[in-house]
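Coordinate analysis (summary)
The primary structure of each chain is shown beneath.
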Amino acid sequence: QWDSERPKDCQKWQVIPHSCSIHEAGSASVHGGEWVQVQVIMEYDQLLLYKGAKAPVPGFGAKIMVFELPLSGATDFRLAAFGPVPEKLPAVALVEPGPE
């Protein structure tokens, strides 16, 4: 998913996360299992090196992500959603868990 976020004509893209805040958390019962969904906003610094440029261009970015964690005692989690942070975050913005 990160590859699709790379700016066009950018030869090298370095992302340095510096904060990850929980926006919302909740539970869901889907696909025969119980899940905890955690919506986070990750903010990061980035260095972009464009073709032909002599120095990287600094920048800042933020993404909203939804992680799903099974309540079945498993220690694995998965990224269920990924995208830009909307200008106004909805009061409830959790997604339905995807297929297992």
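Presented here is an overview of the structure given in this document. (Residues numbered from 1 in each chain as written. Predicted model: local features only at pLDDT ≥ 70, side-chain atom pairs only at ≥ 80, totals over all residues. Heavy atoms only, no water.)

Things to note about the overall build of the chain
To keep it simple, the criterion reads: Every helix listed is a DSSP run of H or I at least four residues long, and every strand listed is a run of E at least two residues long, numbered separately from the N terminus. The rule is simple: take the accessible area with a 1.4 Å probe, protein chains only, and divide by the maximum for that residue type; under 20% is buried, over 50% is exposed, in between is partly exposed. Each accessible area is a Shrake-Rupley estimate made with a 1.4 Å probe; only the visible protein chains count as cover when residues are assessed.
Helix and strand content of the chain: zero helices and four strands. When the helices and strands of the chain are listed from N to C terminus, the series reads β-β-β-β. Burial status across the chain gives 26% buried among its 100 residues. Accessible surface, the chain: about 6,700 Å² in total, of which carbon and sulfur atoms supply 56%.

Some thoughts on the environment of Gln14
How we decide: Whether two residues touch is decided by their heavy atoms; if any such pair falls within 4.5 Å, the residues are in contact.
One can find Gln14 in strand β1 (residues 10-30). In this structure the C-alpha to C-alpha distance between Gln14 and Leu48, which are 34 residues apart in sequence, comes to 6.6 Å. In this view, Gln14 contacts Asp45, Gln46 and Leu47; residues no more than four positions away in its chain are not counted.

A few points about unusual backbone geometry
A positive phi angle, near 65°, is found at Asp9, a position not held by glycine. Looking at where Asp9 falls in the secondary structure, it is placed in the segment before β1. We classify Asp9 as partly exposed; its relative accessible area is 48%.

Concerning the pairing of strand β3 (residues 57-70)
So the rule is basically this: Pairs of strands are assigned from DSSP output, requiring at least two bridges between the strands.
Pairing of strand β2 (residues 33-50) with β3, which is carried by 14 bridges, proceeds in the antiparallel orientation. Each bridged residue has a counterpart across the sheet, and for Met42 the counterpart in β3 is Lys63. Counting the residues that bridge the hairpin from β2 to β3 gives six residues, and of these Gly52 lies at a positive phi of roughly 85°.

What about the nonpolar core?
Using the following cut-off: As used in this record, nonpolar core signifies buried Ala, Val, Leu, Ile, Met, Phe, Trp, Tyr and Cys residues forming a set joined through side-chain atoms within 4.5 Å.
Within the largest apolar cluster, eight residues are counted, these being Cys10, Trp13, Val38, Val40, Met42, Tyr44, Leu48 and Met65. Looking at this core, the elements that each hand over two or more residues are β1 and β2.

Things to note about the environment of Trp13
Rules: Think of a polar contact as two N or O atoms within 3.5 Å of one another; within protein, one of them needs to be a possible hydrogen donor and the other a possible acceptor, and neighboring residues in sequence only count if both atoms come from side chains.
Summarising the element assignment, Trp13 is placed in strand β1. The buried category is assigned to Trp13, whose relative accessible area is 15%. Distance in space between the C-alpha atoms of Trp13 and Leu48 is 4.8 Å, their sequence separation being 35 residues. Reaching out from Trp13, the side chain makes a polar contact with the side chain of Gln46 at a distance of 2.8 Å.

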